[in-house]
Amino acid sequence: ALVVLVADYIKSPEGRALIDELKIRAPLIGKVYGPVTMTRFANAAAILLKGGVPVAQSVEIIGQTIDNVIYKDLFREISENVRQGMPLSEAIMKHPDFFPALVPQMIVVGEQTGQLDMIFTRISNFYNREADSVINNIVDLIQPVLMIVIGLMVGLLFGAVLVPLYRLTSTFGG
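Residues numbered from 1 in each chain as written. Predicted model: local features only at pLDDT ≥ 70, side-chain atom pairs only at ≥ 80, totals over all residues. Heavy atoms only, no water.

A. Looking closely at helix H4 (residues 55–65). Of all the positions in H4, only Ala56, Ser58, Val59, Ile62 and Gly63 are classed as buried. For H4, the buried positions fall inside an angular range of 160 degrees around the axis, keeping them on one side. The outward face of H4, more than 90 degrees from its buried face, is lined by the exposed residues Gln64 and Thr65. Tucked into the core, H4 has its buried residues touching helix H3 (27–50), helix H5 (69–83) and helix H6 (88–93). (Buried < 20%, exposed > 50% of the residue type's maximum accessible area, 1.4 Å probe, protein only. Helix = DSSP H or I, 4+ residues; strand = E, 2+ residues; numbered from the N terminus. Arc of directions from axis to C-beta. Contact = heavy atoms within 4.5 Å.)

B. Highlighting the pattern of salt bridges. Considering all chains together, one arrives at five salt bridges under this definition. Between lysine 23 and aspartate 20 there is a salt bridge, and its shortest N-O distance comes to 3.4 Å. With lysine 23 and aspartate 20 both in helix H2 (residues 13–25), this residue pair falls three residues apart, about one helical turn. The partner of glutamate 60 in a salt bridge is arginine 83, with the nearest N and O atoms 2.7 Å apart. Remark: arginine 83 occurs in helix H5 and glutamate 60 occurs in helix H4; sequence separation between them is 23 residues. Judged by relative accessible area, glutamate 60 falls into the partly exposed class, the value being 31%. Shared partners join several salt bridges into a network, and the residues in it are Arg16, Asp20 and Lys23. (Salt bridge = Lys/Arg side-chain N within 4 Å of Asp/Glu carboxyl O.)

C. Expanded view of a nonpolar patch on the surface. On the surface, a cluster of nonpolar side chains totalling about 650 Å² of accessible area is made up of Leu2, Leu5, Val6, Tyr9, Ile10, Leu18 and Leu22. Elements with a contribution of two residues or more to the nonpolar patch: helix H1 (2–11) and H2. Relative to the assigned elements, leucine 18 resides in helix H2. Residue classification places leucine 18 among the partly exposed residues on the basis of a relative accessible area of 41%. (Patch = residues over 30% accessible without salt bridge, like charges linked within 9 Å, V, L, I, M, F, W, Y side chains within 5 Å. Areas by Shrake-Rupley, 256 points an atom, 1.4 Å probe, with all protein chains shown as cover.)

D. Just empty space enclosed by the protein, in detail. The tally for this structure, following the rule as stated, stands at one cavity of 30 Å³ or more. The computed volume of the largest cavity comes to approximately 30 Å³. Taken together, Ala45, Leu49, Val55, Ser58, Val59, Ile62, Leu88 and Phe120 form the lining of the largest cavity. For the lining of the largest cavity, the secondary structure elements donating two or more residues are H3 and H4. If one sorts the elements of the lining of the largest cavity by residue count, H4 sits on top with four residues. Within the lining of the largest cavity, the residues separate by chemical class into seven nonpolar, one polar and no charged. (1 Å grid on protein atoms, 1.4 Å probe; cavity = no way out; pocket = protein on both sides within 12 Å on 5 of 7 lines; lining within 4 Å. Points joined across faces, edges and corners; volume = space filled by probe spheres on them. Nonpolar A, V, L, I, M, F, W, Y, C, P; charged D, E, K, R; others polar.)

And the structure:
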């Protein structure tokens, strides 16, 4: 019954927002989720801007395609700010908890040079490499732990077979 209640809560908008917040804030998951989200955002922005879609509309489209409720709301707000005349970099700087400082700084350069699509491609490449690096580090940390756990399980299985055999032979022998 508790499992059903938790599953229903997770499916609700409030539960979905809580899970999405945990994805962003959790120590291990957040280290991977942040760069992956920035990669997706920057890659989509680069493609849309190269295609001639205006900045505000690009941000709105990205907000609709992203799977995180928190980022959806952020992109909707950023899009609205850009429509009202605020530069994209300033609109993003208003949310330092969700966007690394490097992102608005690079966007400022893109806005000043008129090469926003190229800057978004660079942001995408940078965060893609960062996500790969974090994932590889996590895998490198998990492998030894996994080997120890598997070794302990094999040892327990070995002991579970041998102890009864030893007891059986000692009863017949003694």
